[in-house]
Amino acid sequence: MKRLAGEIALVTGGASGIGRATAEKLAALGAQVVVADRNGDGAEHVAQLLRDGGSAALAVMMDVTKRESVRAGIERARTILGPITILVSAAGWDRIQPFVENSPELWEQLIAVNLLGPIYVTREVIDDMIHARRGRLVFVSSDAARVGSSGEAVYSAAKGGLLSFAKTLARELARYQITANVVCPGPTETPLLDEVRSSEAGAKIIAAMTKAIPLGRLAKPEEVAAAIAFFAMPEAGFITGQVLSVSGGLTMVG
Ligand SMILES: NC(=O)c1ccc[n+]([C@@H]2O[C@H](COP(=O)([O-])OP(=O)(O)OC[C@H]3O[C@@H](n4cnc5c(N)ncnc54)[C@H](O)[C@@H]3O)[C@@H](O)[C@H]2O)c1
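The following paragraphs examine the structure supplied in this document. (Residues numbered from 1 in each chain as written. Predicted model: local features only at pLDDT ≥ 70, side-chain atom pairs only at ≥ 80, totals over all residues. Heavy atoms only, no water.)

Moving on, we get to the overall build of the protein. When its secondary structure is counted, the protein shows 9 helices and 7 strands. Scaling as 2.2 N^0.38, a compact globule of 254 residues should have a C-alpha radius of gyration of about 18 Å, and the protein matches this with 17 Å. Overall size of the protein, expressed as C-alpha extent along the three principal axes, is 45 × 40 × 35 Å. Counting the 254 residues in the protein, one finds 52% classified as buried. The contacts in the protein between residues at least 6 apart in sequence include a share of 71% that link residues at least 24 apart. Summing over all exposed atoms, the protein offers an accessible surface of approximately 11600 Å²; the carbon and sulfur share of this is 55%. For the protein, the centre of its 26 positive side-chain charges and the centre of its 26 negative side-chain charges are spaced 6 Å apart. (Helix = DSSP H or I, 4+ residues; strand = E, 2+ residues; numbered from the N terminus. Rg over C-alpha atoms; globule rule 2.2 N^0.38 Å. Buried < 20%, exposed > 50% of the residue type's maximum accessible area, 1.4 Å probe, protein only. Contact = heavy atoms within 4.5 Å. Areas by Shrake-Rupley, 256 points an atom, 1.4 Å probe, with all protein chains shown as cover. Lys, Arg positive; Asp, Glu negative; His and termini not counted. Charge placed at Lys NZ, Arg CZ, Asp CG, Glu CD.)

Taken together, 28 residues form the shell around the ligand, and within it Ser-16, Asp-37, Tyr-155, Lys-159 and Thr-190 come nearest. Between an oxygen atom of the ligand and a main-chain N or O atom of Ala-90, the distance comes to 2.9 Å. Thr-188 places a polar main-chain atom, nitrogen or oxygen, 2.8 Å from an oxygen atom of the ligand. When the ligand is considered free in solution it has 830 Å² of accessible area, and contact with the protein chains removes 93% of it. Spatially, the ligand is embedded in the largest pocket. At the level of secondary structure, the elements contributing two or more residues to the shell around the ligand comprise α1 (17-28), α6 (153-173) and α7 (191-197). At 3 residues, α7 tops the list of elements feeding residues into the shell around the ligand. Its residues placed into classes, the shell around the ligand shows 14 nonpolar, 10 polar and 4 charged. (Near = heavy atom within 4 Å. Polar contact = N/O pair within 3.5 Å; in protein donor to acceptor, adjacent residues only side chain to side chain. 1 Å grid on protein atoms, 1.4 Å probe; cavity = no way out; pocket = protein on both sides within 12 Å on 5 of 7 lines; lining within 4 Å. Sits in = over half its atoms within 2 Å of the grid points. Nonpolar A, V, L, I, M, F, W, Y, C, P; charged D, E, K, R; others polar.)

Let us look at the layout of surface pockets. Volume-wise, the largest pocket comes out at about 940 Å³. If you trace the largest pocket, you find 47 residues lining it, with Gly-92, Trp-93, Tyr-155, Thr-190 and Leu-192 closest to the centre. For the lining of the largest pocket, the secondary-structure elements that each account for two or more residues are α1, β2 (32-37), α5 (143-147), α6, α7 and α8 (200-212). No other element matches α7, which puts 5 residues into the lining of the largest pocket. Looking at the lining of the largest pocket, its residues break down into 23 nonpolar, 16 polar and 8 charged. (Points joined across faces, edges and corners; volume = space filled by probe spheres on them.)

Structure follows, in structure tokens:
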């Protein structure tokens, strides 16, 4: 059933992994999808696949850490498809390394991609949502934000900031019928996880986490995308300021 017909969804990080699976899911539900990514070729590839499947989809090259790039990308999407009604902030990046070994450049990069990026993108779409008096914001954080994760101190801090950002937006924007919710994936089979696993320390941490997952395996990107899409659905209209883990039971937060 085309439950999201008439919606225009922008998915950052839509060229790969969880963002890509989300773009596919939202398109299958009938939304027009803007696949936004700093990897322009990857975004175009996903948008073309969606168009081949009969959906209206647009690729936009966007580096979420650069305000000008975000502005230009959203403007292009608005001109071609119309104002964004669903924003999924999935672009993210991580490097596993003990905090004492981190360089200040790494801190800045982690915060820029994982926290400032979603702030910039939200700022660019929010006026249209306020004007329309409707909208859905879904942020992809991480269970590292909820319970901490060795080797991910600053990544966890940035992802934790995203939880607070979303909850505060949920309060400020409720009067406009705009909801803001967060999905926290546990370890998920994506190219990012492969990158993390490529270092010895990363491989050890992922192996230990996998063993600790009650459901006994890593998540598939589609399983995270299903939770993200839920928050965009009409049925979720009374849910705001919430955080949902998709982690096979690895984390159970009250
Ligand atoms: N895979 C996991 O185990 C896991 C666990 C918890 C949280 N997450 C989060 O899920 C989200 C998606 O991760 P994934 O595993 O699918 O990763 P991925 O690497 O497969 O995809 C991330 C996408 O984001 C894009 N991107 C990165 N930096 C960008 C920037 N500055 N501007 C625009 N696009 C940018 C990349 O080009 C890529 O297409 C991220 O926010 C990540 O932190 C992933």
